[in-house]
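A closer look at the structure
One letter stands for each residue in the lines below.
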Amino acid sequence: MQTLQKILPKYTVVLGIVFLVTVIYLVTRGNTVAVEVSTVKKMELTEAIYATGYVDADAMADLRSEISATVGLIGAYEGEWLEKGSTVLAFDDRRLHLAVEEAEAAYAEQKAKSDDLQVKLKRSRNLFKAGAVSVQELDDAEREYTLAKRKLQQRDVQLKSRRDDLKKQQVNAPLAGVLALLDAKVGDYIVANTLVARIIDTNSYVINVEVDELDVPRLKKSQVATVALDALPEERFSAVVSRIVPETDRITKTSKVYLELDEPVEGLQVGMTATANIVYNVRKGALLVPKSSVLEQMRQDYVWKVEKGKLQKQAITSGAEDSRFVEVLDGLVQGDSVVVKPEEKFRQGMEAKVFKNADG
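What you are looking at is a predicted structure, and each value in this text was computed from that prediction instead of being measured.

Some remarks on the overall build of the chain
Looking only at helices and strands, the chain features 3 helices and 22 strands. What you see for the chain is a C-alpha radius of gyration of 43 Å, clearly larger than the 21 Å of a compact globule of 360 residues, by over 25%. Evaluated residue by residue, the chain yields a buried proportion of 33% over its 360 residues. The long-range share in the chain, meaning contacts at least 24 apart out of those at least 6 apart in sequence, stands at 75%. Total accessible area on the chain is roughly 22,700 Å²; 51% of this is exposed by carbon and sulfur atoms. Across the chain, the centroid of the 50 positively charged side chains sits 4 Å from that of the 54 negatively charged ones.

So, the sheet that holds strand β10 (residues 195-200)
Hydrogen bonds between backbone atoms are what pair the strands of a sheet, whose relative direction is either parallel or antiparallel. On the basis of which strands lie adjacent, the open sheet formed by 4 strands has the order β3-β10-β8-β5 and antiparallel pairing. Two strands in the sheet have a free side with no partner beyond their single neighbour: β3 (60-64) and β5 (81-82). As defined by bridge partners, strand β8 (residues 177-182) adjoins β10 across 4 bridges and the pair is classed as antiparallel. Counted as the bridge partner of Leu179 is Ile199 from β10.

Details of unusual backbone geometry
The residue Lys253 is not glycine, and still its phi comes out positive at about 60°. Checked against the element boundaries, Lys253 lands in the loop between β13 (232-248) and β14 (254-261). One non-glycine residue with positive phi stands out, namely Arg299, at about 60°. Residue placement: Arg299 occurs in the loop between β16 (295-297) and β17 (300-307).

Re the pairing of β13
With 5 bridges connecting them, strand β12 (residues 224-229) and β13 associate as antiparallel partners. Paired with Val227 across the strands is Phe237, a residue of β13. Linking β12 back to β13 in an antiparallel pair, the connection comprises 2 residues. Across 6 bridges, β13 lies against β14 in antiparallel orientation. In the sheet register, Ala239 faces β14, and the bridge partner there is Leu261. A loop of 5 residues connects β13 with β14, the two strands running antiparallel in sequence, and Lys253 in this loop sits at a positive phi of about 60°.

Comments concerning the pattern of salt bridges
A full pass over the atoms with the stated rule returns 19 salt bridges. Put simply, Lys284 and Glu44 hold a salt bridge, and the shortest N to O gap is 2.6 Å. With Lys284 in strand β15 (residues 273-290) and Glu44 in strand β2 (residues 41-57), this pair connects stretches of sequence that are 240 residues apart. Judged by its relative accessible area of 66%, Lys284 is exposed. On the accessibility criterion, Glu44 (42% relative accessible area) is partly exposed. Here the salt bridges share partners, and the residues they tie into one network are Glu66, Asp164 and Lys168.

A few points about helix α3 (residues 135-167)
Look at α3: 48 Å from first C-alpha to last across 33 residues, which is about the 48 Å you get at 1.5 Å a residue. Taken together, the buried positions of α3 are Leu138, Ala141, Tyr145, Ala148, Leu152, Leu159 and Asp165. Those residues of α3 hidden inside the fold are in contact with α2 (93-129).

Comments concerning the environment of Leu82
Counting through the fold element by element, Leu82 comes out in strand β5. In this structure, the C-alpha to C-alpha distance between Leu82 and Ala197, residues 115 residues apart in sequence, is 12 Å.

Focus: the side chain of Asp336
The residue Asp336 is located in the loop between β20 (325-330) and β21 (337-339) in this model. At 3.0 Å, the side chain of Asp336 forms a polar contact with the backbone nitrogen of Val333. The residues contacting Asp336, other than those within four sequence positions of it, are Ser38, Thr39, Val40 and Lys305.

Each value, and the rule that gives it
Residues numbered from 1 in each chain as written. Predicted model: local features only at pLDDT ≥ 70, side-chain atom pairs only at ≥ 80, totals over all residues. Heavy atoms only, no water. Helix = DSSP H or I, 4+ residues; strand = E, 2+ residues; numbered from the N terminus. Rg over C-alpha atoms; globule rule 2.2 N^0.38 Å. Buried < 20%, exposed > 50% of the residue type's maximum accessible area, 1.4 Å probe, protein only. Contact = heavy atoms within 4.5 Å. Areas by Shrake-Rupley, 256 points an atom, 1.4 Å probe, with all protein chains shown as cover. Lys, Arg positive; Asp, Glu negative; His and termini not counted. Charge placed at Lys NZ, Arg CZ, Asp CG, Glu CD. Pairing = 2+ DSSP bridges. Salt bridge = Lys/Arg side-chain N within 4 Å of Asp/Glu carboxyl O. Expected span 1.5 Å × (residues − 1). Polar contact = N/O pair within 3.5 Å; in protein donor to acceptor, adjacent residues only side chain to side chain.

Here it is as structure tokens:
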């Protein structure tokens, strides 16, 4: 029992020391944070307008049938390249030729009848002068000829229409390009004005984007842009502003802007989703910090600066920005170190252990 009483005080002291060391360690550890920092420095800041849109083509044509007829020939298929004037499809010309022949026969029959009535009218006029026919008979002859001549004009119009239909039996490509749509097969009866094909000139691709009305005043022709396509996520393409449409949509509050690609892009197709950054200003020697390092509180921007191994909350005045950086107009100087990704647990004066410098 006496031995136990002698041993306990020693254990109590040891446990007390361990407890005290543990508390000191936890308190010290809780005031130290590992951070990644970036050095504030002057760089070039590119100000750009972000816009979304799609791939379009300046040269594209929808082909419609001009007559109602049955398809007799398919001259090309989807995906094929066509030269200007090539036949896309043709209607069955037998019915068309028959219609022309019938119209020609009707015209010839009416022409003969009209000629006969004209001769009869001349004879009646001569007989009337000789007193051999009455006024009524002369009037009847003139009326018959007038009606026949009017009907002959109708037959002439019908004949010309049938001959015109014969010329429209083919649907031809109005421009060179790829056949992107063919909505007809041999044997299909197509009603006049039906969309049967679409041709796209793949050499005329443009990027059609919508720009917010607030950004439109910053745009000018020939400004450079960087284009990204959802279909080709790993690549970026250079383009320039080629056209700015002078009209703002009343609902979307956006305006159309067309971008011309610097070089052809393999695999591009009309309708593909595209995004663009249109550069409207380049600022040389701007004092920049990573966008992720800037926080806001009570409408005041601030960063966490690392100074002499400790965190310091620093208010700043922000300026222009791009997708990665923010310009600092006041609050920091070149060479300062700021935390790249601040955390909620940060407190003024915390020990900061730098484990990585984002600048390498």
